[in-house]
Structures are given as structure tokens and as C-alpha cells.
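Residue-level structural notes
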Amino acid sequence: AGAERINTEIVTLTRFLTEEQAKHKEATGDFTLLCHALQFSFKSIAYYIRRASLINLSGLAGSSNTTGDDQKKLDVIGNDLFVSSMRSSGRVRILVSEEEEEALVFHENPHARYAVVCDPIDGSSNLDAGVSVGTIFGIYKLAEGAKGTKEDLLKPGTDLVASGFTMYGASAQLVITMKGGTVNGFTMDNGVGEFILTHPNMIMPKKRAIYSCNEGNSLYWDEPVKAWIDSLKYPQEEGGKPYSSRYIGSMVADAYRTLLYGGIFAYPADKKSPKGKLRILYECAPMAMVFENAGGQAVNSKMTRMLEVVPEHIHDRSGIFLGSYEEVQKVIDIHKKHGQ
Ligand code: P6P
């Protein structure tokens, strides 16, 4: 009596997925099994990232990926782990990865009904500096009779059935959301080898004076973007205070902070990257769904709702403004003022 009672109401990701499945009477369990394979790949990737410096996994793999980015050894290992986990789940028909030029069609899973898009290790250029990197993923359900070709994936993010990311920071943090659902954050407990629900029903602050972008690109920005940034740095309203700048250069880390604290992350399309830098399928759309389900919003450089943007090819890029509802609204309003 009187002893500190420990919290025995522990919700693991495994239990969370079981309870989610129970809400859908028509569920076959395929989605649940796919998510178990997903969580296994996060655990495996986390293991190698933590040991990278110990077993000489840092540094370049001496190869480059589909778009000429130098591949780190961990990029290759992360991709191989992810591909193997998705293939062996038996529930994935087709997989698009930043590290694979072509979509991978799993002929051994001819009746599988899901397609997965992913960036196995996003932000890996920061790895050797110990910066948090992450895996970004999205899950699409294939239409009846789909042939399982990459065209099945040239869809708007509104078709996503689930999306999220895992950030490999002090501990592995998984954020996942289902279509029309809430956003839930899980923290990896290495002691029991489970993701534990630590951030149920994440709701973003409506506004927060933090902006996150690479101002080293200012020279290339168009007028509305420059006007927006200046309005944050040199507030015109009486008593207005300048925003804080926070930029890590790893999308998952910048996105996770923005989701928790509020504010806005931006990677605008500009004169140097006219289509933007970040990829629609496995960076922009999955993040946009998480942020919308947490009460925020996400638009591209034309101020189109990010989830309605359809990629022209599987590695297509886009500008993106992602964050608290009112912070993104400021960008939209300034673009309207500039006639865009
Ligand atoms: P820059 C990392 O290389 C990445 O793909 C994202 O994770 C990150 O947000 C962005 O590029 C950083 O780009 O041009 O600021 O280095």
C-alpha cells in the first residue's frame, strides 16, 4: 500500500494495430501484417544507425542513387532492409524507394493489395555528424484489378490509407496516421523491443513563431516567398516580435519538431530547383497527411493543397510549405496578395 504504482496501461504499437483492426469489421488483417513488417524494418534500421560509427558504416558507399545523390553505406543497408521486409511480408505488391530507380514489383505477391512508398533513410547526408535522420513512408491500397505497375502509384496523397515517419534520434520515434484518423506517436523502448504509445492523438498548435527553411537559397526565391520570410523576420504590426529560426536540414527532424512545437517548415521551389527539391511520393505527401490529420496544413509552391498534387513520375519533386494551420495560411495569403 502506498507504493508508487507503476503504469501498467502500456499500449504497444502491436496492441494499437490490433485495436485499430478491430474497428474495421471488413479488415482481413493484411494491413496489420504490413504494419508489423514496417515496424520490424524501423527496428532493424535503428540498430544499424546506432552502430554506424562502430562498424564503419559511415561514409560513402561509392555509388550514387537514381538522382545522382552520393549514397551512404547506410542508405544502401536501410533500403535493403526495407525492401526485404516489405517483400517478405507477402502483403506488398509494389514498392517505390528513393534508392531504387524503378518501382519494385513483387511478383511473388501477386494477390497483395498494398503499395508502399518510402525514403528509407532521409537526411543521410547529415548522418556522419550525428544528426537525427529518419524513414518516411506511405501506404496505398491498389484498386481492384490493378496490374501492379508504377502507374498505380501516380496518385494524389488523398489516396493514402496511412503514412508516417520514424525519426532515429535519442530514441526511435514513430509517428503514424491512418486516412481520416488521428496522429499517434510511439517511442521505441529498447528494453522490451517495442514501440510504446507516448504521444496519443497529436494536435498541432494553431500557430507558433518558428520558421524552418534553408535561407541559403534566398537568392533563388521568388518575390512572395521573400515577402513572407521578411514578414516573419521584420514584423510590421505594432509590438510584433521576430520569429525564431530552426533548421536542421533533415526533413524528419525538422518535421517532428514542427509537429510537436508548431511553426512552419518550408522548402520552396525556386530558380535553382524549379520543381522543388523534396519528393512528392515519399517525402511531401506522407508528411502532408500527418500534418493535416494533426490540424495543420500543407501546400506546394503554387499554393495547391499538397495532398491533391499528382506526381508525374515516381521520383517527381515539389516545393512544400508544411506546418501549423495559421502559419501556412500566412504563406497562402501573401501569395494571394502577390496575385498567385
Ligand atoms: P538542403 C536531406 O538531404 C533532404 O532531402 C531533407 O531531409 C532535408 O529537408 C533537405 O534535403 C535539406 O536540403 O538543401 O537544405 O540541404
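Small disclaimer: the values here were computed from a predicted structure and weren't measured.

Observations regarding the overall build of the protein
Looking only at helices and strands, the protein features seven helices and 17 strands. Computed over the C-alpha atoms, the radius of gyration of the protein is 20 Å, within 12% of the 20 Å expected from 2.2 N^0.38 for a compact globule of 340 residues. On the principal axes, the C-alpha backbone points of the protein span a range of 60 × 55 × 45 Å. Counting every position in the protein, which comprises 340 residues, the buried fraction comes to 53%. When the accessible surface of the protein is summed, it comes to about 15,300 Å², and 52% of that surface belongs to carbon and sulfur atoms. Separation between the mean location of the 37 positive side-chain charges and that of the 41 negative ones in the protein comes to 2 Å.

Remarks on the site of the ligand
Around the ligand, the structure places 13 residues, and the nearest of them are Asp 122, Tyr 247, Met 251, Tyr 267 and Lys 277. Lys 277 is positioned with one of its side-chain polar atoms (N or O) 2.9 Å from an oxygen atom of the ligand. Its free accessible area being 400 Å², the ligand has 80% of it covered by the protein chains. Of the residues belonging to the shell around the ligand, the class tally is five nonpolar, five polar and three charged.

A closer look at the confidence of the model for the protein
Predicted confidence across the protein gives a mean pLDDT of 93, with 95% of residues reaching 70 or more. The complex prediction reports pTM at 0.95, with the ipTM value standing at 0.96.

Some remarks on the pattern of salt bridges
Between side chains of opposite charge, a pair can form as their charged atoms come close. In total, this model carries 15 salt bridges according to the counting rule given. When salt bridges that share partners are traced, they join Glu 9, Arg 15 and Glu 19 into one network.

Some details on the packing of helix α1 (residues 13-22) against helix α2 (residues 30-51)
Angle between the axes and distance between the axes: these two values describe a pair of packed helices. One way to put it is that α1 packs onto α2 with a least axis distance of 10 Å and a crossing angle of 165°. Judged by the angle between their axes, α1 and α2 are roughly antiparallel. Of the two elements, α1 crosses α2, and the hand of that crossing is right-handed. On the side of α1, the interface is formed by Leu 13, Thr 14, Leu 17 and Gln 21, while α2 contributes Thr 32, Cys 35, His 36 and Gln 39.

Considering the pairing of strand β5 (residues 114-122)
The buried fraction of β5 amounts to nine of the nine residues, a majority that puts the element mostly inside the structure. The pairing of β5 with strand β6 (residues 133-141) spans seven bridges and is antiparallel. Paired with Cys 118 across the two strands is Phe 137, which belongs to β6.

What about the environment of Ala 266?
Turning to its location among the elements, Ala 266 is positioned in strand β13 (residues 264-267). Given the relative accessible area of 1%, Ala 266 is considered buried. The sequence separation of Ala 266 and Tyr 247 amounts to 19 residues, and the corresponding C-alpha distance is 9.9 Å. Beyond its immediate chain neighbours, meaning those up to four positions away, Ala 266 contacts Ser 212, Cys 213, Trp 228, Ile 320 and Phe 321.

Considering the packing of helix α4 (residues 223-233) against helix α7 (residues 325-337)
Running from amino to carboxyl end, α4 crosses α7 at an angle of 130°, the nearest separation of the two axes being 9 Å. In terms of their interaxial angle, α4 and α7 are classed as oblique. Crossing of α4 over α7 shows right-handed handedness. Packed against α4, whose contacting residues are Pro 224, Val 225, Ala 227, Trp 228, Ser 231 and Leu 232, the element α7 presents Glu 327, Lys 330, Val 331, Ile 334 and His 335 at the interface. Residue composition of the contact of α4 with α7, grouped by class: seven nonpolar, two polar and two charged.

Remarks on the side chain of Ser 41
Structurally, Ser 41 can be placed in helix α2. Excluding residues that lie within four positions of it along the chain, Ser 41 makes contacts with Phe 82 and Ser 85.

Here's the deal with the sheet that holds strand β12 (residues 244-245)
To summarise the sheet geometry, strands pair through backbone hydrogen bonds and adopt either a parallel or an antiparallel arrangement. Pairing is mixed across the open sheet formed by five strands, whose spatial order is β12-β11-β13-β17-β15. Here the strands that pair on one side only, and so sit at the sheet edges, are β12 and β15 (297-299). Note that strand β11 (residues 210-212) and β12 share two bridges and pair parallel. Looking at β12, one finds that Tyr 211 is bridged to Ser 245.

Scoring rules and cut-offs
- Residues numbered from 1 in each chain as written.
- Predicted model: local features only at pLDDT ≥ 70, side-chain atom pairs only at ≥ 80, totals over all residues.
- Heavy atoms only, no water.
- Helix = DSSP H or I, 4+ residues; strand = E, 2+ residues; numbered from the N terminus.
- Rg over C-alpha atoms; globule rule 2.2 N^0.38 Å.
- Buried < 20%, exposed > 50% of the residue type's maximum accessible area, 1.4 Å probe, protein only.
- Areas by Shrake-Rupley, 256 points an atom, 1.4 Å probe, with all protein chains shown as cover.
- Lys, Arg positive; Asp, Glu negative; His and termini not counted.
- Charge placed at Lys NZ, Arg CZ, Asp CG, Glu CD.
- Near = heavy atom within 4 Å.
- Polar contact = N/O pair within 3.5 Å; in protein donor to acceptor, adjacent residues only side chain to side chain.
- Nonpolar A, V, L, I, M, F, W, Y, C, P; charged D, E, K, R; others polar.
- pLDDT = per-residue confidence, 0-100.
- Salt bridge = Lys/Arg side-chain N within 4 Å of Asp/Glu carboxyl O.
- Axes fitted to C-alpha atoms, helices over the stretch in contact; angles between N-to-C directions.
- Parallel < 35°, antiparallel > 145°, perpendicular 65-115°, else oblique.
- Left-handed = near helix turned anticlockwise from the far one by under 90°.
- Contact = heavy atoms within 4.5 Å.
- Pairing = 2+ DSSP bridges.

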